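# Architecture at a glance
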Amino acid sequence: MTHDTSSLVSDSDSRFEHLQAAFAERFGEGPGDLVLARAPGRVNLVGGHTDYNDGFVLPATIDRAIYMALRRREDQMVHLRSLDFEEEARYTLPESSFRQLPKWAQYVAGVVEELHVSHGLDSGFEGVLLGDVPLGAGLGSSAALEVAAAEGLKDLFRIEISPQETALLCQTAEHEYVGVQCGVMDQVAVRVGRAGHALSLDCRTLDHEHVPLPLSEANIMIADSRVSRELADSKYNERRSECEKGVAFLRQFDDSVEALGDVDRSLFREHAGEMEEAIRRRCRHVISENERVRESAEALRKGDLAAFGMLMSASHESLRDDYEVSIAELDQLVTTARNTDGVYGARMTGAGFGGCVVCLTADEVIPALQKRLIEQYEKQFGRAPTLYVVEDNLETVTLNQSRA
Ligand code: GLA
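Note that the coordinates shown come from a computational prediction; the quantities given were computed from them, not determined experimentally. (Residues numbered from 1 in each chain as written. Predicted model: local features only at pLDDT ≥ 70, side-chain atom pairs only at ≥ 80, totals over all residues. Heavy atoms only, no water.)

### Brief notes about the overall build of the protein
- When you go through the protein residue by residue, the secondary structure sums to twelve helices and twelve strands.
- Relative to the compact-globule value of 22 Å for 404 residues, the protein shows a C-alpha radius of gyration of 21 Å, a close match.
- Oriented by its inertia axes, the alpha-carbon framework of the protein measures out at about 65 × 50 × 40 Å.
- Taking the 42 positively charged and 68 negatively charged side chains of the protein as two groups, their mean positions are separated by 3 Å. (Helix = DSSP H or I, 4+ residues; strand = E, 2+ residues; numbered from the N terminus. Rg over C-alpha atoms; globule rule 2.2 N^0.38 Å. Lys, Arg positive; Asp, Glu negative; His and termini not counted. Charge placed at Lys NZ, Arg CZ, Asp CG, Glu CD.)

Quick look at the structure:
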């Protein structure tokens, strides 16, 4: 299952070399296949909090990724080393006490467990990993870690699972073993995202289309507020249950409604007045956001960046006012970006309550935008945001270095 990925990995060569050297140093050269895997982070361009409502999203992968080198062992032991954390995790398959492992290893162990249950891994393995996806910034670091592990192990143990099933397996691992009830967007975006494209994804069916990004005209810039997302998990679950309440209410009038993704504007309008205020606003966000995703994908197909940018900005307002998942820092970054000539649009991205803002901007204004974002943020919040220009959208790849 060695893929022809020569053109896709050149940018990562030095990381793969570093990984291989670190692997050899820790575990020795030895015989057996050495599988290298890479899975990128992602940024969501439009479609906030729609994925767990069986709605639509429009993410793109970024140029930061998690890298892993893996080799089978003769025994049942799993032995991993994180080069970033300078930590090791070691256990015997199958594992039951996940909580004792370092957090990064829990993500991998969840994927291992899911693969073991579904396909029966016939031995343990050893591996090293590293990455440069900012952690906890809402850029898909968890999904990148899960997908890199899943793809690496599939290659190592010659397991055939479709990309969509792999994404679902990774999502289940995160639900069951890490305890985060995330939607499916991140894992699918990371697994099937394509270089130079955004991914228009139906989160119910996982049907998707790769929509070209107009990278010659515009760039994606990410501003990390560096506010840690302490509230994110509890508020995320609260929003999920508010959406469920909205579904239960609307189902009284149309029993085909299984998720907010099934609700159109007319059904909502007809009954909105009878809904509890907070639930009404959450529903209004999801229903209007689903429309925005479809319109954004259409704008992108036509290369209409002005329309696309306006939809991004409308998405932010809806997340801020109706879904109430933004914070002052994110609002300020969005406002500064939008007030800069040459910026098409900006919005918060990820779960909210911290994390990042994504901007779509003309190339030539990037230096001015960077300067303004830093100056104004420092002035108001006393520290600088971290800025990233996405140079490239990486894809998930594996390389099998067979050794006799
Ligand atoms: C987090 C989750 C995703 C999605 C976003 C909000 O990033 O992991 O599944 O729900 O929040 O759009």
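That was the structure; now back to the text.
### What to know about the nonpolar core
- In this structure, L45, M68, F125, L139, I220, I222 and F308 are the most contacted members of the largest nonpolar core, which totals 69 residues.
- By residue number, the principal contributor to this core is helix α4 (residues 141-156), which donates nine residues.
- Not counting chain neighbours up to four residues away, the residues in contact with I220 comprise V43, L45, L213, V358, C359, L360, Y388, V389 and V390.
- Within the second largest apolar cluster, 40 residues are counted, among which are L267, L319, V325 and F381. (Core = buried A, V, L, I, M, F, W, Y, C linked by side-chain atoms within 4.5 Å. Buried < 20%, exposed > 50% of the residue type's maximum accessible area, 1.4 Å probe, protein only. Contact = heavy atoms within 4.5 Å.)

### As for the site of the ligand
- Taken together, 13 residues surround the ligand, and among them H49, D51, G183, D186 and Y236 come closest.
- At a separation of 2.9 Å, an oxygen atom of the ligand approaches a polar side-chain atom of D186.
- In this structure, an oxygen atom belonging to the ligand sits 3.5 Å away from a main-chain N or O atom of A351.
- Protein contacts shield 93% of the accessible area of the ligand, which totals 310 Å² for the unbound molecule. (Near = heavy atom within 4 Å. Polar contact = N/O pair within 3.5 Å; in protein donor to acceptor, adjacent residues only side chain to side chain. Areas by Shrake-Rupley, 256 points an atom, 1.4 Å probe, with all protein chains shown as cover.)

### Observations concerning the UniProt feature "domain: GHMP kinase N-terminal" (unreviewed entry) in the protein
- Residues annotated in UniProt with the feature "domain: GHMP kinase N-terminal" (unreviewed entry) correspond here to residues 107-192.
- In residues 107-192, helix accounts for 62% and strand for 8%; the two terminal C-alpha atoms are 19 Å from one another. (UniProt positions renumbered as here; feature names shortened; annotations may be inferred.)

### Considering helix α6 (residues 185-192)
- Summarising burial for α6: eight of the eight residues are buried, a large majority.
- All of the buried residues along α6 are M185, D186, Q187, V188, A189, V190, R191 and V192.
- Turning to α6, the residues buried within the fold contact β1 (34-46), β2 (56-72), α4, α5 (163-178), β6 (197-202) and β7 (208-212).

### Digging into the state of the cysteines
- What the rule picks out here adds up to zero disulfides.
- Free of any disulfide, C182 has its nearest neighbouring cysteine sulfur in C170, separated by 9.8 Å.
- Of the residues examined, C182 reaches a relative accessible area of 8% and is grouped as buried.
- Take C283: it sits in no disulfide, and the sulfur closest to it among the cysteines is that of C243, at 6.3 Å. (Disulfide = S-S within 2.5 Å.)

### Considering a negative patch on the surface
- Taken together, D363, E364, E391 and D392 make up a surface patch of like negative charges.
- Here E391 is to be found in the loop between β11 (386-390) and β12 (397-401). (Patch = residues over 30% accessible without salt bridge, like charges linked within 9 Å, V, L, I, M, F, W, Y side chains within 5 Å. Salt bridge = Lys/Arg side-chain N within 4 Å of Asp/Glu carboxyl O.)

### Examining the sheet that holds strand β8 (residues 218-224)
- What the four strands build is an open sheet, ordered β9-β10-β8-β11; its pairing is antiparallel. The two strands at the open ends of the sheet, each matched to only one other strand, are β9 (343-349) and β11. For this sheet, the mean inter-axis angle between neighbouring strands, taken without regard to orientation, is 20°.
- Pairing of β8 with β11 involves five bridges; the strand directions are antiparallel. When the sheet's bridge partners are listed, M221 is paired in β11 with V389.
- Where helix α12 (residues 366-381) meets the sheet, it contacts β8, β9, β10 (356-362) and β11, and its direction lies at approximately 15° from that of β8. (Pairing = 2+ DSSP bridges. Axes fitted to C-alpha atoms, helices over the stretch in contact; angles between N-to-C directions.)

### Examining the packing of helix α10 (residues 305-321) against helix α11 (residues 328-338)
- One way to put it is that α10 packs onto α11 with a least axis distance of 12 Å and a crossing angle of 160°. Between α10 and α11, the interaxial angle falls into the category roughly antiparallel. The two elements α10 and α11 meet at a crossing, and its hand is left-handed. Here α10 contributes S313, H316, E317 and R320 to the contact with α11, which in turn contributes L330, D331, V334 and R338. (Parallel < 35°, antiparallel > 145°, perpendicular 65-115°, else oblique. Left-handed = near helix turned anticlockwise from the far one by under 90°.)

### Digging into unusual backbone geometry
- Across the junction of L93 and P94, the peptide omega takes the value -15°, indicating a cis bond.
- Here L206, not a glycine, exhibits a phi torsion of approximately 65°, which is positive.
- Unlike most non-glycine residues, R226 shows phi in positive territory, near 60°.
- Topologically, R226 is positioned in the loop between β8 and α7 (232-251).
- Among the residues examined, R226 registers a relative accessible area of 47% and is labelled partly exposed.

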